[in-house]
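# Structural overview
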Amino acid sequence: MKKIRLPIGNLSTVAIGNPHAVQAIEKLINALSEDNVLCIYGSCGVGKTHLIELTKVALLESGVLENEIVHIDAEEWVRRMVAALKSNRMDEFKVEFDAAKYVIVEDIQYYFYKSRSQEEFLLFVKRAKKLNISIIVTSSSNPLEQCDTAAINEHLISRLCSGILIPLVGPVGDIKKKFIAGYAKEQSLRLNELILNCIYCNTNDNYFELLGVLNTIGFYHSIGNGVDITISDLRVLFPNWCF
């Protein structure tokens, strides 16, 4: 069977800046890992969802069927589980996940302080090992650093942490510069080196913030009949920046 690889393009700075995460995902989805659970964690805006989308694309392009992949966020998992409990249809709820080859659950921090949801997810993780199901979860923080014992079941922490734990870093250094320049080019924004450096120095290492800034500049550029953006424009758009 041909090895599955993530489709990393020139603008996929999330993947380029996190090679260990890419390697861990490829190892898991190619069944080359001894463990079947991968936890990717990092603060909001570092690119967790982007990596998950790349993973789904890679799986589908390799021939994995769409119904063999379950992609859900933890909030939706909880909502559906509660509905199944109320309607006495827990067996039906379990079947969808047990029949998959790959299960991706985003934002598992939503399970915190929800003991019944954690118990059900832990049971699924245990079943998945026997069923050869690969699990990828994302979290806003490292489960090991969750100090409040009331927040998360210690057995769930233990199971997650016995798998592969990979931290993601946001756009920093050259990766950040590459993203700004690449996205600007993609949106046909003509930004000179001074403008690019100004954006770089005045934004945090967060893809959401960078996208917000660049989209704001793009809108201003569009209503200005395509005239090149200047430092004076940035002063108007972002008065709290340092110039």
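Residues numbered from 1 in each chain as written. Predicted model: local features only at pLDDT ≥ 70, side-chain atom pairs only at ≥ 80, totals over all residues. Heavy atoms only, no water.

Another point: the nonpolar core. The biggest cluster of nonpolar side chains holds 42 residues, and the ones touching the most others in it are Leu 38, Leu 51, Ile 136, Leu 191, Ile 199, Ile 217 and Leu 234. Those elements giving two or more residues to this core turn out to be helix H1 (13–17), helix H2 (19–29), strand S1 (37–41), helix H3 (48–61), strand S3 (102–106), helix H8 (173–186), helix H9 (193–202) and helix H10 (207–223). Here this core takes six residues from H2, the largest share from any one element. Leave out the neighbours within four places in its chain, and Leu 38 touches Ala 24, Ile 25, Leu 28, Ile 135, Ile 136, Val 137, Ile 164 and Ile 166. Leu 122, Ala 128, Ile 133 and Ile 157 belong to the second-largest nonpolar core, a separate cluster that totals 30 residues. (Core = buried A, V, L, I, M, F, W, Y, C linked by side-chain atoms within 4.5 Å. Buried < 20%, exposed > 50% of the residue type's maximum accessible area, 1.4 Å probe, protein only. Helix = DSSP H or I, 4+ residues; strand = E, 2+ residues; numbered from the N terminus. Contact = heavy atoms within 4.5 Å.)

Evaluation of the coordinates by the stated rule reveals seven salt bridges. A salt bridge links Lys 101 to Glu 68, with the nearest nitrogen and oxygen atoms 3.4 Å apart. Of this pair, Lys 101 sits in the loop between helix H5 (90–98) and S3 while Glu 68 sits in the loop between H3 and strand S2 (69–73); the two residues are 33 residues apart in sequence, bridging distant segments of the chain. According to the relative accessible area criterion, Lys 101 is partly exposed, its value standing at 45%. A salt bridge links Asp 98 to Arg 127; its shortest N-O distance comes to 3.0 Å. (Salt bridge = Lys/Arg side-chain N within 4 Å of Asp/Glu carboxyl O.)

The terminal C-alpha atoms of helix H6 (residues 115–131), which comprises 17 residues, lie 24 Å apart, in line with the 24 Å expected from a rise of 1.5 Å per residue. Taken together, the buried positions of H6 are occupied by Ser 117, Gln 118, Glu 120, Phe 121, Leu 122, Phe 124, Val 125 and Ala 128. Backbone geometry just after H6 places Asn 132 at a positive phi near 60°. (Expected span 1.5 Å × (residues − 1).)

Moving on: the packing of H8 against H10. Interhelical geometry of H8 versus H10 gives an angle of 35° and a closest axis separation of 11 Å. Relative to H10, H8 is oriented so that their crossing is right-handed. Of the residues in H10, those touching H8 at Ile 175, Lys 176, Phe 179, Ile 180 and Tyr 183 are Tyr 207, Leu 210, Leu 211, Leu 214 and Asn 215. Here the residues of the contact of H8 with H10 sort into eight nonpolar, one polar and one charged. (Axes fitted to C-alpha atoms, helices over the stretch in contact; angles between N-to-C directions. Left-handed = near helix turned anticlockwise from the far one by under 90°. Nonpolar A, V, L, I, M, F, W, Y, C, P; charged D, E, K, R; others polar.)

Attention shifts here to the packing of aromatic side chains. Tallied over the entire structure, the rule returns 13 aromatic pairs. Consider the rings of Trp 77 and Phe 93, whose centres lie 5.3 Å apart with planes at 80°: the pair is edge-to-face. Within this pair, whereas Trp 77 is found in helix H4 (residues 74–86), its partner Phe 93 is found in helix H5, the two being separated by 16 residues in sequence. Here Trp 77 matches Phe 93 in class, with each residue buried. Joined through ring pairs, the aromatic side chains of Trp 77, Phe 93, Phe 97, Tyr 111, Phe 121 and Phe 124 make up one cluster. Geometry around Tyr 200 places Lys 176 over its ring, the cationic atom sitting 4.9 Å from the centre. (Phe/Tyr/Trp six-rings, centres within 6.5 Å; stacked < 30°, edge-to-face > 60°. Lys NZ or Arg CZ within 6 Å of the ring centre and 35° of its normal.)

Before going further, it helps to examine H2. Every buried residue of H2 is accounted for by Ala 21, Val 22, Ala 24, Ile 25, Glu 26, Leu 28 and Ile 29. The elements touched by buried residues of H2 are H1, S1, H3, S3, strand S4 (134–139) and strand S5 (164–167). At the exit of H2 stands Ala 31, carrying a positive phi of roughly 60°.

On to the sheet that holds S1, then. Strand order in this open sheet of five strands is S2-S3-S4-S1-S5, and the pairing throughout is parallel. This sheet does not close on itself; its edge strands, each paired only once, are S2 and S5. Averaged over all pairs of adjacent strands, the angle between strand axes in this sheet comes to 15°, irrespective of strand direction. Its contacts with the sheet put H4 on S2 and S3, and the angle it makes with S2 is roughly 95°. (Pairing = 2+ DSSP bridges.)

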